[in-house]
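# Descriptive analysis of the structure
Here is what each chain is made of, one letter per residue.
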Amino acid sequence: MNWSHYRFRSVWDLPAGPAAVYAVLAEAEAYPGWWPQVREVTPVDDRSGTARFRSLLPYDLVVTATETRRDPAAGVLEIAMGGDLEGWARWTVRAAGTGTRALYDQEVEVRKALLRRLAVPGRPVFLFNHAWMMRAGRRGLTTRLKRLKAV
C-alpha cells in the first residue's frame with residue numbers, strides 16, 4: 001500500500017439551486033472568503049492558479065491547480081494538481097430535492113516531504129484533518145449561498 005496516496009469523497013447537501021452552487025464553486029479565487037482552510041488562491045492565468053491550504057495541523061499545503069474540465073451543463077468542475085499534492089479533484093453538482101447535492105471527489109498523492117515521512121503513523125490524523133476541512137467548507141459555502149440570497 002502507498003501510504004501517501006489518498007482517495008476522498010465528500011457529499012454536501014446544500015439549500016440552493018445547482019446553478020447558484022456551481023457559480024460559487026467555479027470562482028476558486030473567492031474560496032478564501034468562505035472556506036477558512038483555503039488560505040490563499042492566486043490566479044496564474046485563465047485556467048490555472050496556486051492555492052495554499054491549512055486546516056487544524058500546523059502545516060501548509062501549496063498546490064498548483066489547472067482546470068481540466070468546466071462544464072456547467074453537466075455540473076462538473078475538475079482540476080489537475082501538482083506541488084505538495086499531485087493528482088486531481090472534481091466537483092459534480094446535481095439537483096436534489098429542493099436543493100443541490102455537491103459531490104467532491106479527490107485522488108492525490110502527498111508530495112510534501114514531511115508528510116511523506118509521517119505517512120504511516122500520521123495517516124489517521126491526516127484523514128481527520130481533511131474531514132474537518134471539508135465540514136468547514138460545507139458550512140462556509142452554505143453561509144455564502146445565504147448571503148447571495150441563493151437559498
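In this report, we go over the structure that sits alongside the text.

Definitions and limits used
Residues numbered from 1 in each chain as written. Predicted model: local features only at pLDDT ≥ 70, side-chain atom pairs only at ≥ 80, totals over all residues. Heavy atoms only, no water. Buried < 20%, exposed > 50% of the residue type's maximum accessible area, 1.4 Å probe, protein only. Helix = DSSP H or I, 4+ residues; strand = E, 2+ residues; numbered from the N terminus. Arc of directions from axis to C-beta. Contact = heavy atoms within 4.5 Å. Salt bridge = Lys/Arg side-chain N within 4 Å of Asp/Glu carboxyl O. Expected span 1.5 Å × (residues − 1). Bend = angle between axes of the 7 residues up to and from the residue. Pairing = 2+ DSSP bridges. Axes fitted to C-alpha atoms, helices over the stretch in contact; angles between N-to-C directions.

This part is about helix α1 (residues 18-25). Among the residues making up α1, those that are buried are V21, Y22, V24 and L25. Buried residues of α1, seen end-on, are gathered within an arc of 165 degrees and therefore sit on one face of the element. Buried-residue contacts for α1 involve β1 (5-14), β4 (61-71), β5 (76-83), β6 (85-96), β7 (99-110) and α3 (119-147).

This model, assessed by the stated rule, comprises 13 salt bridges. Linking R9 and D105 is a salt bridge whose minimum nitrogen-to-oxygen distance equals 2.6 Å. Taken together, the positions of R9 in strand β1 and D105 in strand β7 put the pair 96 residues apart, joining distant regions of the chain. In this structure R9 comes out as exposed when scored by relative accessible area, which is 54%.

Tracing the backbone through its elements, the reader meets A113 in helix α2 (residues 113-117). A113 gets classed as partly exposed once you look at its relative accessible area, which sits at 45%. Residues A113 and D84 lie 29 residues apart in sequence; the distance between their C-alpha atoms is 8.4 Å.

This part covers α3. Over its 29 residues, α3 runs 39 Å from end to end, which matches the ideal 42 Å to within 8%, given 1.5 Å per residue. Residue V125 marks the point of greatest curvature in α3, where the axis turns by about 30 degrees. One or two steps after α3, the chain reaches K149, where phi turns positive at roughly 60 degrees.

Turning our attention to the sheet that holds β6. Taken together, the seven strands give an open sheet; going across it, the order is β1-β7-β6-β5-β4-β3-β2, and neighbouring strands pair in antiparallel fashion. One side of each edge strand has no neighbouring strand; the edge strands of this open sheet are β1 and β2 (38-43). On average, adjacent strands in this sheet sit at an angle of 20 degrees to one another, irrespective of strand direction. Two elements, β1 and β7, share 10 bridges in a ladder whose sense is antiparallel.

So, on to the environment of G82. Residue placement: G82 occurs in strand β5. G82 gets classed as partly exposed once you look at its relative accessible area, which sits at 22%. In the structure, G82 is positioned 29 residues away from R111 in sequence and 8.7 Å away in space, judged by C-alpha atoms. Residues within four places of G82 in sequence aside, it is in contact with V62, V63 and T64.

Attention now moves to the environment of A136. Topologically, A136 is positioned in helix α3. Relative accessible area serves as the criterion here: at 6%, A136 is assigned to the buried category. For the pair A136 and P36, spaced 100 residues apart in the sequence, the C-alpha separation amounts to 7.1 Å. Among all residues touching A136, those that are not within four sequence positions of it are W35, P36 and Q37.

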